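Coordinate inspection notes
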Amino acid sequence: MLSLISPDLKKDAVELLTIPVCEDREIHTHRTVVALIRRAMKLPEFNGKKDETVMLYDPKGVAAERVMVQGIGKADKMNLETFRAAAGKAASKAMELNLASIWLAMPSAVKVDQDKTDLAAAILEGACLSNHLFDVYKKESAKKTLTDIGLATTAESAASMADLPEKVSVICRGTLLARDWVSTPSNDKTPDLLAGEMTRQAEAAGLKTAVMKDQELAEKNFGAIMAVARGSRNPPRLVTLIHEPKKAGRTVVLVGKGVTFDSGGINLKTSEGLKAMKSDMAGAAATAAALIAMARLKPKFRVVGVMPLVENMPSGDATRPGDVIRTYSGKTVEVGNTDAEGRLILADALAYAVAQYKPDLVIDMATLTGACLMALGEKIAGVFTGDDELASAIETAGEKTHERCWRMPLPDDYRELLKSDLADLNNMPKSRWGGAVSAALFLSEFVGAARWAHIDIAGPGYNRKKGPYCPVGGSGFGVRLLCETLEGMF
Ligand code: BES
Ligand code: ZN
Ligand code: ZN
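For clarity, every value in this text was computed on a predicted model and none was experimentally measured.

Turning our attention to the site of ligand 1. Around ligand 1 sit 17 residues, and of these Lys269, Asp280, Asp339, Glu341 and Gly370 come closest. A distance of 3.5 Å separates a nitrogen atom of ligand 1 from a polar backbone atom of Thr367. Considered on its own, ligand 1 offers 520 Å² of accessible surface; in the complex 80% of this is hidden by protein. Classifying every residue of the shell around ligand 1 gives 6 nonpolar, 4 polar and 7 charged.

Printed below as a string of structure tokens:
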């Protein structure tokens, strides 16, 4: 449980109190906290440098059993992520020590222009995101999660931010849900199983849900989804989740790529390429989890999530390279490469969502291209949109949440690369260069005139290296980004 507290540190006990300390500026004013920092600073091994920590046991004059003083480095390098990461490491440490509860000391003054609520939110987020285990596949779990996380601040601050812990908790629970879905192996998340999980959780949060099965998808001419799914024994599903407030004005549609395993199909991937392809549904996971979080945050506009779920496999019945398919929109596509399956299922999902819901805004999220991973690395998503305002709203949300985004171009003359001799489009671009851009341009052919952005999370959707508040596995990237982008949008 997350909470804001204002304890009497001299009398009130806790298993672990943590204090972030800056190397070259005093960022705490509470007398007891300042005294603890002085004590740590007297030790030769501690100077407040980034990643330095000291543990004080049974400190004099303080009721806490332990105090961890954490260095966070120089003041001019500090930002929200510094505090999020420090809180994440503190919670991990507490779990390592088998503790049940932790208090984090809230710094009083960090930067002149910094919002106190943003700072408190970042600290709570770091601790909450760290406080999670995905151990359902282990016979015995070595660790336990913490039962109580308290952000210690003044009584006035605690009162002025009373709603914050619940809000942070809802959004972080969404992120953790998306992480677990992505980390689940593909044998336990076939499209049918994943659709079941998504709708079960969504209904518990109060969303309306609908699942289209293969027969209905075929009848309704979702030709691209059916073509990608053909090679698998596990039939496709199209999940729709709807947040419908009483007097909804605008409508936002979120679309997420849900390839529960991407083998590449007949254009089979290499052994290296197959690694982590269980995570090719990270876009759908983030989208569904963001909707579940938003159902609890209750924005005043309608939000619709559309998640096409398929497994991309080779078989005697799989779609062949060179096949021509008719998509939901009526446009035909030559399947130049069966491994460019994400843009196919998104083509159907986007065209359907735009026709069905006439949205004021569409955002799709997808682990779409290796090229985006190549361009921006493992931690930054690519954003593609013709709308400057939307691009900057997403980038700003990315900075605040540290789910970083970088805008990429959508040059009209590159559309040339998607031409087919036989059909309206080819899913395989003519050039091997600029693959993230040509993929985004392909999607743009299916959104009509809708206000639209595409976010390629091929890099950050899966965490390949342990981070301060995220272990190896699904990252849940996109849930906080989408919630932050949409907050205050309409
Ligand atoms: N799922 C992959 C993209 C991907 C690669 C995501 C690595 C995460 C890590 C996608 O379906 C794919 O295979 N794209 C191809 C497209 C190409 C055949 C035009 C790619 O990026 O190579
Ligand atoms: Zn692929
Ligand atoms: Zn894929």
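Protein coordination at the zinc ion (ligand 3) comes from Lys257 (NZ), Asp262 (OD), Asp280 (OD) and Glu341 (OE), with a distance range of 2.0 to 2.4 Å. Mapping the donors of the zinc ion (ligand 3) onto the primary sequence yields the spacing K-x4-D-x17-D-x60-E. In this model, the zinc ion (ligand 3) sits 3.2 Å from the zinc ion (ligand 2), the two metals being bridged by Asp262. One end of the pair, Lys257, is in the loop between β9 (251-256) and β10 (258-262); the other, Glu341, is in the loop between β13 (332-334) and α11 (342-357), with 84 residues separating them in the sequence.

Before going further, it helps to examine the domain arrangement of the protein chain. Domain boundaries in the protein chain define domain 1 (2-162) and domain 2 (168-489). Taking only C-alpha atoms into account, the centre of domain 1 sits 36 Å from that of domain 2. Listed as interface residues are 19 residues of domain 1 and, on the opposing side, 17 residues of domain 2. Across the interface of domain 1 and domain 2, roughly 1,600 Å² is buried in total on both sides, 67% from carbon and sulfur atoms. When the buried area of domain 1 at its contact with domain 2 is split by residue, Leu129, His132 and Phe134 rank highest and sum to 37% of it. Counting the contacts that link domain 1 with domain 2 gives 2 salt bridges. As a salt-bridge pair, Lys400 and Asp118 come within 3.3 Å of each other at their nearest N and O atoms. Where domain 1 packs against domain 2, one counts 7 residue pairs in polar contact (both at pLDDT 80 or more). Counting only elements with at least two residues in the side of domain 1 that touches domain 2, the list comes to α2 (80-96) and α3 (116-130).

Turning next to a positive patch on the surface. Where like charges cluster on the molecular surface, the positive patch consists of Arg38, Arg39, Lys42 and Lys60. Along the polypeptide, Arg39 turns up in helix α1 (residues 31-42).

Here the focus is the sheet that holds strand β12 (residues 324-326). With respect to topology, 3 strands assemble into an open sheet ordered β12-β13-β17, the strand pairing being mixed. This sheet does not close on itself; its edge strands, each paired only once, are β12 and β17 (425-426). Summarising the sheet, β12 and β13 pair through 3 bridges and their orientation is antiparallel. Paired with Val324 across the bridge in β13 is Glu334.

Conventions adopted
Residues numbered from 1 in each chain as written. Chains lettered and ligands numbered in written order. Predicted model: local features only at pLDDT ≥ 70, side-chain atom pairs only at ≥ 80, totals over all residues. Heavy atoms only, no water. Near = heavy atom within 4 Å. Polar contact = N/O pair within 3.5 Å; in protein donor to acceptor, adjacent residues only side chain to side chain. Areas by Shrake-Rupley, 256 points an atom, 1.4 Å probe, with all protein chains shown as cover. Nonpolar A, V, L, I, M, F, W, Y, C, P; charged D, E, K, R; others polar. Donors = N, O, S within 2.8 Å, 3.2 Å for Na, K, Ca; no water. Helix = DSSP H or I, 4+ residues; strand = E, 2+ residues; numbered from the N terminus. Domains from an automatic or database assignment. Contact = heavy atoms within 4.5 Å. Buried area = accessible area lost by both parts, 1.4 Å probe. Salt bridge = Lys/Arg side-chain N within 4 Å of Asp/Glu carboxyl O. Patch = residues over 30% accessible without salt bridge, like charges linked within 9 Å, V, L, I, M, F, W, Y side chains within 5 Å. Lys, Arg positive; Asp, Glu negative; His and termini not counted. Charge placed at Lys NZ, Arg CZ, Asp CG, Glu CD. Pairing = 2+ DSSP bridges.

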